[in-house]
Amino acid sequence: MVTQEVPGISRCLEEAHSLDEFNTSYKEVLDTSNMKKSEVTGVVAKADIKPKSIHDAKKWSADVENLYRFQQAGYRDEVEYKQVKQVDMVERWPETGFVKKLQRRDNTFNYYDKQRECEDKEVHKVKVYVY
């Protein structure tokens, strides 16, 4: 069990082996409706999932395209974006599955096309994180 101390609230969170399990657990166990946003952020931030390894992309794929879009917006990948922005879903183009819109860390938005945006000469700059 992992215990998180929040001023005025003491809760136990079940240890999770994946991000999906953790999101479900903390939503079910921790009532955040009466907490300040900074307190909620502190609880979620302590449960950050860190990548085990990293490597550069070698060739283009749909996954590399989406990683490119997240990294252009200032995030490692979808996992970090969801942790920082505390969202459940990322807006995607239904036709291609590519990311459609991301909110940057400075709270402005990046809008992306349906088509590929990561050119071949940019592929090697994309970092692929393994969890």
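Residues numbered from 1 in each chain as written. Predicted model: local features only at pLDDT ≥ 70, side-chain atom pairs only at ≥ 80, totals over all residues. Heavy atoms only, no water.

Draft legend 1. Looking closely at the packing of aromatic side chains. One pass over the full model with this rule turns up 4 aromatic pairs. Aromatic pair F70 and Y81: ring centres 5.7 Å apart, planes at 55 degrees, arrangement tilted. With F70 in helix α3 (residues 62-72) and Y81 in helix α4 (residues 78-85), the pair connects residues that are 11 residues apart, well separated along the chain. Owing to a relative accessible area of 6%, Y81 belongs among the buried residues under this scheme. Their ring planes at 35 degrees and their centres at 6.2 Å tell us that F109 and Y111 sit as a pair that is tilted. Taken together, the ring pairs connect F70, Y75 and Y81 into an aromatic cluster. One cation-aromatic arrangement involves R76 over Y129; the distance from NZ or CZ to the ring centre is 5.9 Å. Over the face of the ring belonging to W93 we find K100, whose NZ or CZ atom lies 4.5 Å from the ring centre. (Phe/Tyr/Trp six-rings, centres within 6.5 Å; stacked < 30°, edge-to-face > 60°. Helix = DSSP H or I, 4+ residues; strand = E, 2+ residues; numbered from the N terminus. Buried < 20%, exposed > 50% of the residue type's maximum accessible area, 1.4 Å probe, protein only. Lys NZ or Arg CZ within 6 Å of the ring centre and 35° of its normal.)

Draft legend 2. Structural context of the pattern of salt bridges. Tallied over the entire structure, the rule returns 11 salt bridges. For K101, the salt bridge identified is with E91, shortest N-O distance 3.6 Å. Separated by 10 residues along the polypeptide, K101 in strand β4 (residues 101-103) and E91 in the loop between α4 and β4 bring together distant segments of the chain. By relative accessible area, K101 is classed as partly exposed at 25%. Salt-bridge contacts for E122 lead to K125; the nearest nitrogen and oxygen are separated by 3.5 Å. Judged by its relative accessible area of 48%, K125 is partly exposed. (Salt bridge = Lys/Arg side-chain N within 4 Å of Asp/Glu carboxyl O.)

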